[in-house]
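Structural features, examined
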Amino acid sequence: MSGPSATEQRLLTDSIRRQVAATLLPGFVGTTLPGWLESRLRDGLGGVCVFGPNITSAAQLRELTDAIYAANPDAIIAIDEEGGDVTRLYYEAGSPYPGNAVLGRLGDTSYTEAVARRVGWELRRAGCNLDFAPDVDINSNPDNPVIGVRSFGSSPELVAEQSAAWTRGLQSAGVAVCAKHFPGHGDTAQDSHLVLPVVDLSLDELRERELRPFRAVIEAGARTIMTSHILLPQLDAERPATFSPTIVQGLLRDELGFEGVVVSDALDMKGASGEKGIPEAAVLALVAGCDLLCIGTENTDEELDAIELAIARAVESGRLRAERVIEAAERVLALAGELHAERDSIPVPDDDVAGSLAAADVAVAIDTFEISSHAADWVRTNRGPYSVVRIDTEANIAVGIAPWGPFAETAADPEAGPALAFEANPTVVFTEDDDPDLVLAAKSPVLVIGKDNHRHAFARAAIDRLRAERDSVLVVDMGWPSDDRAYADLATFGASRLIGRALLAYLDSDEPGLRS
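Residues numbered from 1 in each chain as written. Predicted model: local features only at pLDDT ≥ 70, side-chain atom pairs only at ≥ 80, totals over all residues. Heavy atoms only, no water.

The next subject is the overall build of the protein chain. Of the regular secondary structure elements, the protein chain holds 20 helices and 14 strands. Once the C-alpha set of the protein chain is aligned to its principal axes, its extents read approximately 75 × 50 × 45 Å. Going through the 516 residues of the protein chain one by one, you find that 60% of them count as buried. Split by element, the accessible area of the protein chain, about 19,100 Å² in all, is 49% carbon and sulfur. Averaged over its 44 positive side-chain charges, the protein chain has a centre that lies 2 Å from the centre of its 81 negative ones. (Helix = DSSP H or I, 4+ residues; strand = E, 2+ residues; numbered from the N terminus. Buried < 20%, exposed > 50% of the residue type's maximum accessible area, 1.4 Å probe, protein only. Areas by Shrake-Rupley, 256 points an atom, 1.4 Å probe, with all protein chains shown as cover. Lys, Arg positive; Asp, Glu negative; His and termini not counted. Charge placed at Lys NZ, Arg CZ, Asp CG, Glu CD.)

Written out as structure tokens, the structure is:
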């Protein structure tokens, strides 16, 4: 792609180039700050979004964020750290935090606030000042492929309470929350990374359910809120939420009274730019009322040229008011200034145990498991050895390829007693592309471990066959199980490394009791 012409460069220079730059939040390829991105930061780029592939260690991440601040001391450095299945700080090892669904099942707002504060301190040490969390979607559809255990639950009251607690905890550490995905992505059966989901709810229905957690986080002081790439035809039949003035300005700003920064979900997602391209998506998001545009994961200098030019042309043509761009930039810069000040005013405590798994947290996690009588009997009877069937499904893009469950724990701490015992069992790794007969390599007794088992036909078929042809089968679901629990004798409601250790501890326990 060629860069802007001389005439186009004048258009950018003569208009509001620095204000446009302040609204952009790109990603990049690599683990060090590219020269083109450093140059843009010096010229007023709003910030950078850091993803899992950009991180190799805590020390490397701190060097990266230091380089970003050296180029622009008021930069926004955003990260997707939900403290559970979706993790960037622990993308290589799995998260030491429980995740939202576990916190919701526990229902202790003080504990949730403390967990979020710990996440906040870790982000401060890493140099990140905006967290794309918490996910405040109500997981009203158990077949949701992209929310699931990222949600605090299916009750509006519970999700609202937990979301507010997370907001208070994280922001007390000097990190801004970004509550997502407005006005609610929980009642979908499609992933907006891949398609444009439709949520056919009325405004009254949204007010009664989806909007309640957003009201709660606004009341708790949430500094930013992220829009979703979903179509709500009863509110706006033509435009997804991110591009809808009716939803961003009318609903979020005017009705809910939100005065902070509105962040778009990543504009490289198919639900946003699949048919129109990222530059046009950026224009539409600004027109709708978004302030900070999350561009994507692997952006380039040429892409940002094209985005800036599209915005400048939209201003020149009158499609986008210059005042709207200035307003967006001013909100972003005000937030950046506040966060910069808090780097000095809120000291970060020393912590020698970052990333460690505390016994108390393991015990709490076990208490949130849903354990059937069959599961308790199986664990009581089968002290090992047994066969393990690991069902690997394709992870959604938000989760990525981070290690999960007991497999993350055994890789991270292979010498621990429960890990050694678990690893001694023969394991069959089964995927959708494998021969269906492969699962029969597992001999009784059999422990099956998967995520969202009911959503995958190949997983259901494998479990059905094992139950029919093996005489002692325990099925563990580390995702969000179906309402009938048909493929979840034991449900953990999360698959972080912490939950993996908790599962191993339960399997090794002397008195495995029932829990509901």
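Turning next to the nonpolar core. One finds L41, W166, F182, L293 and I311 to be the most contacted residues of the largest nonpolar core, which totals 82 residues. A total of seven residues in this core trace back to one element, the largest contributor, which is helix α12 (residues 278-288). L357, A365, V476 and L503 belong to the second-largest nonpolar core, a separate cluster that totals 30 residues. (Core = buried A, V, L, I, M, F, W, Y, C linked by side-chain atoms within 4.5 Å.)

This part covers helix α13 (residues 301-317). Helix length check: α13 (17 residues) gives 24 Å between terminal C-alpha atoms against 24 Å at 1.5 Å per residue, within 8%. Looking one or two residues past α13, G318 carries a phi angle of roughly 95°, positive in sign. (Expected span 1.5 Å × (residues − 1).)

As a further point, take unusual backbone geometry. Note that the residue after F182, namely P183, is joined by a cis bond; omega there is 0°. As for its placement among the helices and strands, P183 is situated in the loop between β5 (176-182) and α8 (203-208). With an omega of -10°, the peptide bond between S444 and P445 qualifies as cis. Position of P445 relative to the elements: it lies in the loop between β11 (427-430) and β12 (446-450). The backbone of D452 sits at a positive phi, close to 50°, despite the residue not being glycine. Mapped onto the fold, D452 is located in the loop between β12 and α19 (457-469). Here the phi dihedral of F493 falls at roughly 60°; this positive angle occurs in a residue that is not glycine. By the element assignment, F493 lies in the loop between β14 (490-491) and α20 (497-507). On the basis of relative accessible area, F493 is assigned to the buried category, the value being 4%.

Turning to the sheet that holds strand β1 (residues 24-25), a few remarks are in order. In space, the eight strands of this open sheet follow the order β1-β8-β7-β6-β5-β4-β3-β2, with parallel pairing throughout. In this open sheet, the two strands that pair with only one neighbour each are β1 and β2 (47-50). Strand direction decides the pairing type here: strand β4 (residues 130-131) and β5, joined by two bridges, are parallel. Note on β5: the bridge partner recorded for D131 is V177. (Pairing = 2+ DSSP bridges.)

Once that is clear, we can look at the pattern of salt bridges. All told, the structure shown has 40 salt bridges when counted by the stated rule. R390 is the salt-bridge partner of D392, the closest N and O atoms lying 3.0 Å from each other. E469 is the partner of R465 in a salt bridge, and the nearest nitrogen-oxygen pair spans 3.2 Å. With R465 and E469 both in helix α19 and four residues apart, the pair spans about one turn of that helix. Residues joined in a network through salt bridges with shared partners are D80, E82, R88, D135, R150 and K180. (Salt bridge = Lys/Arg side-chain N within 4 Å of Asp/Glu carboxyl O.)

Turning our eyes to something else, we now look at the sheet that holds β12. Sheets are built from strands that pair by backbone hydrogen bonding, the pairs being arranged parallel or antiparallel. Across the sheet, six strands lie side by side as β9-β14-β13-β12-β10-β11; this open sheet has mixed pairing. Two strands in the sheet have a free side with no partner beyond their single neighbour: β9 (370-371) and β11. Looking at chain direction, β9 and β14 are connected through two bridges and run antiparallel. Of the residues in β14, the one forming a bridge with E370 is A491. Of the strands in this sheet, β9, β12, β13 (473-477) and β14 are in contact with helix α16 (residues 373-381), which crosses β13 at around 120°. (Contact = heavy atoms within 4.5 Å. Axes fitted to C-alpha atoms, helices over the stretch in contact; angles between N-to-C directions.)

Further remarks concern the environment of R40. Following the sequence through the fold, R40 ends up in helix α3 (residues 35-42). Judged by relative accessible area, R40 falls into the buried class, the value being 10%. For R40 and R18, which are 22 residues apart along the polypeptide, the C-alpha to C-alpha distance reads 9.8 Å. Excluding residues within four positions of it along the chain, R40 makes contact with L45, D301, L304, D305 and E308. Within polar-contact distance, the side chain of R40 engages the side chain of D301 at 2.6 Å. (Polar contact = N/O pair within 3.5 Å; in protein donor to acceptor, adjacent residues only side chain to side chain.)

On to the packing of aromatic side chains, then. Within this structure, the stated rule accounts for six aromatic pairs. Taking the centre distance of 5.8 Å and the plane angle of 85° together, the rings of W480 and F493 count as edge-to-face. Residue W480 is located in the loop between β13 and β14, and its partner F493 is located in the loop between β14 and α20; the two are separated by 13 residues in the primary sequence. By relative accessible area, which is 10% here, W480 ends up buried. Following the ring pairs from residue to residue traces out a cluster consisting of W404, F407 and F422. (Phe/Tyr/Trp six-rings, centres within 6.5 Å; stacked < 30°, edge-to-face > 60°.)

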